[in-house]
Amino acid sequence: MLKPLRQGLPPLDPAAVSDAASCALPARYEAVREARSFTRKTLGQWDVGDRFDDVCLVVSELVTNALRHAMPGESERSAGPQAPAVRLHLMRWSERLVCAVRDPSHATPVPGDSDDSSAESGRGLFLVDSFSDSWGWHPLAGTLNGKVVWALFRLRAAAE
């Protein structure tokens, strides 16, 4: 079920993007609330309909995972001039929406043990897999360090 661990986004025509928005998030857990608020506001403007709750949940999980597993420890954060940013990107095509979270880590996202239904953590990627239509990750190239973890949602075509 959780197979698509290292794959790029499916082919999407960048020229056909209807809308795009992104925001930088601070390296603290309050950023999850900020990401949800940004997502709600953006999706409200884009009128994505029945996928609204699914996208908001997945954004929460992706940002939480980036903060929990991809950010340097407290001692490393205070040693450097500025903590590396986590960035949330939302892109909408006519029938697809992608949410992507960029973080500074090169580590592969690893699903937790989803067999324990009473566990308080470790199910983030299981939820991403369950609520999105597909997901994956890819390392960044060039001057950007880290990786992007993304989730794709199919949207209903607008009524003609």
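Look up a bit, the structure's there.
This structure is a prediction, so every number in the text was calculated from the model and none was measured.

### Side note on unusual backbone geometry
And step 1. A positive phi angle, near 55°, is found at Asp-47, a position not held by glycine.
And step 2. Within the fold, Asp-47 resides in the loop between helix H1 (30-46) and helix H2 (52-70).

### With respect to the environment of Arg-40
And step 1. Relative to the elements of secondary structure, Arg-40 occurs in helix H1.
And step 2. When its relative accessible area of 41% is taken as the criterion, Arg-40 is described as partly exposed.
And step 3. Separated by 13 residues in the primary sequence, Arg-40 and Asp-53 have C-alpha atoms spaced 8.9 Å apart.
And step 4. Not counting residues within four places of it along the chain, the set of residues in contact with Arg-40 comprises Phe-52 and Cys-56.

### Observations concerning the pairing of strand E5 (residues 147-154)
And step 1. Burial analysis of E5 places seven of its eight residues in the buried class, the great majority of the element.
And step 2. Judged from the eight bridges that link them, strand E3 (residues 96-103) and E5 form a sheet pairing that is antiparallel. Looking at E5, one finds that Leu-97 is bridged to Phe-153.
And step 3. The sheet contact formed by strand E4 (residues 134-139) and E5 spans six bridges and is antiparallel. Its bridge partner lying in E5, Gly-136 is registered against Trp-150.

Rules behind the numbers
- Residues numbered from 1 in each chain as written.
- Predicted model: local features only at pLDDT ≥ 70, side-chain atom pairs only at ≥ 80, totals over all residues.
- Heavy atoms only, no water.
- Helix = DSSP H or I, 4+ residues; strand = E, 2+ residues; numbered from the N terminus.
- Buried < 20%, exposed > 50% of the residue type's maximum accessible area, 1.4 Å probe, protein only.
- Contact = heavy atoms within 4.5 Å.
- Pairing = 2+ DSSP bridges.

The values reported here are purely geometric and, on their own, carry no functional implication.
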